[in-house]
Amino acid sequence: MDIGVLLNHPAGIGAAAVLLLGLSAGVVWIRRRRLTGHDSWLPLWRPLMWLAGWLALLLGIVGIFLPGLPTVPFVLLAAGCWSRSSPRFHRWLSEHHYFGPMVRNWERNRAIPFKGKVLSSVMMAASCAWIFYRFPERWWAGLGMSAVCLAVAVWMWRLPTA
């Protein structure tokens, strides 16, 4: 699959919008919960977070095969979305044979293994370089991807090493 098609595809934009909506609702909900102590004030909270969890997991699975799309952050985002909206799906993800160790290690230690940090950084740098090489006319996409990858790398390296 050509990444240029994904950059211009309406479904990709829609998926990003749903994910952004879910994340925004999550931030608002957490702030509201801290102030009031109430569990949920938004009637559509649980369905939106459930949908955002599935979308994040789908993007994580696609990220296994598509360079430039990380897997672990999306799996952790799915776990976070489901931790409050659907205990059943959160338990399923935590016990999954492939994704479960990532989720459990994150929830217990908030740490990333050194090998994972190095591999993630190398793959993000290689993906960014590939985007610039393959699509020089879409330099703005490479620049945006590089900014996101740099932010993720800085965040990741500031975390404890498992």
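Residues numbered from 1 in each chain as written. Predicted model: local features only at pLDDT ≥ 70, side-chain atom pairs only at ≥ 80, totals over all residues. Heavy atoms only, no water.

## Thoughts on unusual backbone geometry
The residue Arg-110 is not glycine, and still its phi comes out positive at about 50 degrees. On the secondary structure map, Arg-110 appears in the loop between α6 (100-109) and α7 (114-134). Owing to a relative accessible area of 46%, Arg-110 belongs among the partly exposed residues under this scheme. (Helix = DSSP H or I, 4+ residues; strand = E, 2+ residues; numbered from the N terminus. Buried < 20%, exposed > 50% of the residue type's maximum accessible area, 1.4 Å probe, protein only.)

## Observations concerning the side chain of Ser-94
Among the secondary structure elements, Ser-94 is positioned in helix α5 (residues 87-94). Ignoring sequence-local partners within four residues, the contact set of Ser-94 consists of Gly-100, Val-103, Arg-104 and Glu-107. (Contact = heavy atoms within 4.5 Å.)

## Some words on the packing of α5 against α6
Here α5 crosses α6 at 105 degrees, and the two axes come no closer than 7 Å. Between α5 and α6, the angle falls in the class roughly perpendicular. For the pair α5 and α6, contact is made by His-90, Leu-93 and Ser-94 and by Gly-100, Val-103, Arg-104 and Glu-107, respectively. By residue class, the composition of the contact of α5 with α6 is two nonpolar, three polar and two charged. (Axes fitted to C-alpha atoms, helices over the stretch in contact; angles between N-to-C directions. Parallel < 35°, antiparallel > 145°, perpendicular 65-115°, else oblique. Nonpolar A, V, L, I, M, F, W, Y, C, P; charged D, E, K, R; others polar.)

## Points about the nonpolar core
Counting 13 residues, the largest nonpolar core has Leu-57, Val-75, Ala-78, Trp-82, Leu-93, Phe-99 and Val-103 as its most contacted members. Elements represented by at least two residues in this core include exactly α3 (45-65), α4 (72-85) and α5. Sorting elements by how many residues they give to this core places α4 first, with five residues. Beyond its immediate sequence surroundings of up to four residues, Ala-78 is in contact with Gly-53, Ala-56, Leu-57 and Leu-93. Counting twelve residues, the second-largest nonpolar core is a separate cluster that includes Leu-76, Cys-128, Ala-153 and Met-156. (Core = buried A, V, L, I, M, F, W, Y, C linked by side-chain atoms within 4.5 Å.)

## Some thoughts on a nonpolar patch on the surface
Residues Ile-61, Ile-64, Phe-65 and Tyr-98 make up a contiguous nonpolar surface patch of roughly 420 Å² in combined accessible area. The partly exposed category is assigned to Ile-61, whose relative accessible area is 33%. (Patch = residues over 30% accessible without salt bridge, like charges linked within 9 Å, V, L, I, M, F, W, Y side chains within 5 Å. Areas by Shrake-Rupley, 256 points an atom, 1.4 Å probe, with all protein chains shown as cover. Salt bridge = Lys/Arg side-chain N within 4 Å of Asp/Glu carboxyl O.)

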